[in-house]
Every structure is written in structure tokens, then in C-alpha cells.
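# Structural characterization, general
Here is what each chain is made of, one letter per residue.
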Amino acid sequence: MTYRSIGILTFHNANNYGAVLQTYALQKTLSKLYPESDTEVINYSCEGIKRQRSLLKQIKNQGFISAVLHYPQSEKRIRKIDSFCRQKMNISPIVKDKEELSFLSKKYDIIITGSDQIWNPKWNGNDNVYFQDFHNDNNKKISYAASFGNYEPDEKIASFLKQYKSISVREKSSKDILYKKFGIVSQVHPDPTLLLDMEDYRSIAVKHKFKKPYILCYMVPFQKSLADHCSDIAKKEGLISVTVSKSLHHSGNISLNTSSVEEILGLFCHAECIVTNSFHGTAFALINNKKLVLELNNPRGFNTRSYDLLKECGIISDCKENLLTLDCSMNNELNKLKERGLKYLSQL
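Residues numbered from 1 in each chain as written. Predicted model: local features only at pLDDT ≥ 70, side-chain atom pairs only at ≥ 80, totals over all residues. Heavy atoms only, no water.

## Looking at the overall build of the protein
Of the regular secondary structure elements, the protein holds 14 helices and 15 strands. Whereas a compact globule of 348 residues would reach a radius of gyration of roughly 20 Å, the protein reaches 20 Å, a difference of no more than 12%. Taken along the three principal axes of its C-alpha coordinates, the protein extends 60 × 45 × 40 Å. Looking at the protein as a whole, 55% of its 348 residues qualify as buried. For the protein, contacts bridging at least 24 residues in sequence account for 72% of all contacts bridging at least 6. For the protein, the computed accessible surface area is about 15,900 Å², with 50% contributed by carbon and sulfur atoms. Here the protein contributes 48 positive and 37 negative side-chain charges, whose respective centroids are spaced 3 Å apart. (Helix = DSSP H or I, 4+ residues; strand = E, 2+ residues; numbered from the N terminus. Rg over C-alpha atoms; globule rule 2.2 N^0.38 Å. Buried < 20%, exposed > 50% of the residue type's maximum accessible area, 1.4 Å probe, protein only. Contact = heavy atoms within 4.5 Å. Areas by Shrake-Rupley, 256 points an atom, 1.4 Å probe, with all protein chains shown as cover. Lys, Arg positive; Asp, Glu negative; His and termini not counted. Charge placed at Lys NZ, Arg CZ, Asp CG, Glu CD.)

So, in C-alpha cells, the structure goes:
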């Protein structure tokens, strides 16, 4: 199938490296699969995402003093994320509301509801835009690796999804719920970041000039015990410890909390080992064939997404340990996951 224009609707401008990179990866993949099409990220931001960027929201989440202390770093990180989006993605003009979305939708042959937890009311603020309620052409409505997170869809959401031409979700649990509760057929596909090759990321990565080889500790959220564990490994191996998080707490030899997206990619590309409690930390350890130390339990709960991904890749089986030390240099099953995702997107 040949398309003149493809639109992507997702959380492209969240204050989160993973959200930005999954958007970049999906657009890059579609541009490869449909080189003659104009693939564009729809520049819409729901109130839920806007609030995540605001000082008032941070005060509510962290308290006044902590939020005020963190805000300058948060603003600096957001500016760098926005710069990456402008420079590395093809983005539409700003779209403010459903009326403008409805008008813009006419230019696209298909609109792909992208990955991330775009179907979770906690993050989208009950914004039905992410179910494509702003247009009536059901043949345009497609999703790729969309997620409900830990939210269980209701009849209203099911009514929107029944209008979709094709549905792809990120978690098997979502597929099971949609079919058992509503008779909606969907497919499960990997996060878009896993569809690109290592060299796709290395081509835009910025390499840090550290004096010694390093271990990268990438944390979402910050966990002091994990940072300390990374420091212990670094000392034992004669390496330096580089910590990336949103926290102002200094840990390891070097702490970074305002890196650009390109710098983050460079850190993953050149690290000797990745220590993380994050799904995308796990994903980029796999992509770059790195040694991985994964903490499964953190303040946000059990890291089901990382656990399931590693099981699908055949790197772990059932495991009751909280801290896993793994070798991600052999990823044959990851290639199969990637091929399945690419096949789905190539047959839209």
C-alpha cells in the first residue's frame, strides 16, 4: 500500500526520554517502510502532558521546596527535549483542539495512535483524542503498541476501539482484556524503540568525553540503593559510575539530570554496563548488546514491562530475585520481536 501522508499521534513531548525516543523510533521506522510518504508527528499535547511539565503539578507531586529546587533542571531538560523534537522529527504545526485536529486529519491517509500509555486516563487526562474521536474515517484509524498501563478499559473505550481498522497493543494483558471483555481482536508488538538498529541511534548519539570507561546507572525513578550498587560495581571493576535521573541527589562519580536526548543515546552506546530500573533502560541495553543489571522492584512497583521483555527475548525464565545481572549480547529472540513489529507496520 502506498500512502501520501501518515500521521502519528502519541506523547511526543513529555518530560521523559523514553516517550520522546519511542516517537522518534516510530517515525523513523515508518519513513523507512514508506519512503515516498510524508510521515508526520501530530503536534498535539493533551492537558495531562501539559500538567506534567508545569511547576504547579510538580509542587503537588513533590512538595513546594523540592519542586522549586528541581524546576530549573526540569525546564532545561524540557528545552533540550523540545529541541530534539524540532530537529530530528517531522512535526506538524501546533494543534490546539479537536476542531483543528479534525481539519488536519483530512491530509492524512492513515493516523497511527502510537505507543506509550496513551490509553491510560492517568496520563492522558481522559482525553479521547488518543482514541481518534476527532474524525469519522475508520479506515484511517490504526494503533501501534499502544498501552493502557495498569488501567482496565471500559465500555466507552471499547466503543472507540471497535471503530479502528487495526489494533496493536504493547502488552499481552491488554490483548487478553480487549478480547475477553469486548470481543476486540488485537495484536501485541514491541515498543517502537526496539524496531531500530543500534546504528540508527549511534548516528545521532553524542559521545561524552569521560576520562575512564564507565557504568551507566539510568533510573526512573531515582533509587539510592541502586545507585550505590552501581558505585560498588564501578569500584570493583575500576570504572567510573555515571548516574542519570531527575533527582538532584548526587550519586556515583558523575550525576547528570539535564542531558539532551542525543547525550542519553551516547551514554547507552558507550557504557561498559547498564544498571537500571527502567523499561527503556532495559530496551537500550538490549539494543546495544550490553551487560545489564536490572532492579525489578522500585517505588513505582514491579517492573513488569522489563521482566516480560527479557522473558520474550529468552534472556530470563521465571525469576524471584529482585536484582538481576544479565548478558544481553545475544538477542536472537529480540530480532524476531522486531521482525513481527516491522511486518505489521509494513502491511498497514
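Following the structure, the description resumes.
## A closer look at the sheet that holds strand β10 (residues 254–256)
Strand order in this open sheet of six strands is β10-β9-β8-β11-β12-β15, and the pairing throughout is mixed. The open sheet is flanked by β10 and β15 (323–327), the only strands paired with a single partner. The sheet shows a mean angle of 20° between the axes of neighbouring strands, direction not considered. Note: strand β8 (residues 214–218) against strand β9 (residues 240–244), five bridges, orientation parallel. Looking at the pairing, Cys 217 lines up with Thr 243 of β9. Sheet strands touched by helix α12 (residues 279–287): β8, β11 (273–276) and β12 (291–295). Its angle to β11, the strand with the most contacts, is close to 165°. (Pairing = 2+ DSSP bridges. Axes fitted to C-alpha atoms, helices over the stretch in contact; angles between N-to-C directions.)

## A short note on the packing of aromatic side chains
Taken as a whole and assessed by the stated rule, the structure comprises 14 aromatic pairs. Taking 5.6 Å as the distance between ring centres and 15° as the angle between the ring planes, the aromatic pair formed by Trp 119 and Phe 131 counts as stacked. Remark: Phe 131 occurs in the loop between α6 (121–124) and β5 (141–143) and Trp 119 occurs in the loop between β4 (110–113) and α6; sequence separation between them is 12 residues. Residues Trp 119 and Phe 131 agree in their burial class; the two are buried. (Phe/Tyr/Trp six-rings, centres within 6.5 Å; stacked < 30°, edge-to-face > 60°.)

## Some thoughts on helix α14 (residues 332–346)
Given a rise of 1.5 Å per residue, 15 residues ought to cover 21 Å, and the 21 Å separating the end C-alpha atoms of α14 matches this to within 8%. When α14 is considered as a whole, its buried residues turn out to be Leu 334, Leu 337, Lys 338, Gly 341, Tyr 344 and Leu 345. Within α14, the buried residues cover an arc of 125° as seen down the axis, which keeps them to one side. Structural note: α14 exposes Asn 332, Glu 339 and Lys 343 on the side pointing more than 90 degrees away from its buried face. Looking at the packing, one finds that the buried side of α14 touches α1 (17–33), β5, β6 (168–169), β7 (187–188), α12 and α13 (304–312). (Expected span 1.5 Å × (residues − 1). Arc of directions from axis to C-beta.)

## Quick word on the environment of Ile 315
Tracing the sequence through the fold places Ile 315 in the loop between α13 and β15. Taking the C-alpha atoms as reference, Ile 315 lies 24 Å from Ser 168; in sequence the two are 147 residues apart. Once residues within four sequence positions are removed from consideration, Ile 315 is found in contact with Leu 286, Leu 310, Leu 326, Asp 327, Cys 328 and Asn 331.

## Some words on the nonpolar core
Core analysis: the largest hydrophobic core is formed by 48 residues, its most contacted members being Leu 216, Leu 267, Leu 286, Leu 292, Leu 310 and Ile 315. Excluding residues within four positions of it along the chain, Leu 310 makes contact with Thr 282, Leu 286, Leu 292, Leu 294, Ile 315, Ile 316 and Leu 326. Of all hydrophobic cores here, the second largest spans 32 residues; its members include Leu 104, Ile 118, Phe 131 and Phe 160. (Core = buried A, V, L, I, M, F, W, Y, C linked by side-chain atoms within 4.5 Å.)

## Comments concerning the packing of α12 against α13
For any two helices packed against each other, the geometry is given by the interaxial angle and the distance between the axes. Contact geometry of α12 with α13 gives a least axis separation of 8 Å together with a crossing angle of 25°. Taken together, the axis directions place α12 and α13 in an arrangement best described as roughly parallel. Between α12 and α13 lies a crossing whose hand is right-handed. Across the interface between the two elements, Phe 279, His 280, Thr 282, Ala 283 and Leu 286 from α12 touch Arg 305, Ser 306, Leu 309 and Leu 310 from α13. (Parallel < 35°, antiparallel > 145°, perpendicular 65-115°, else oblique. Left-handed = near helix turned anticlockwise from the far one by under 90°.)

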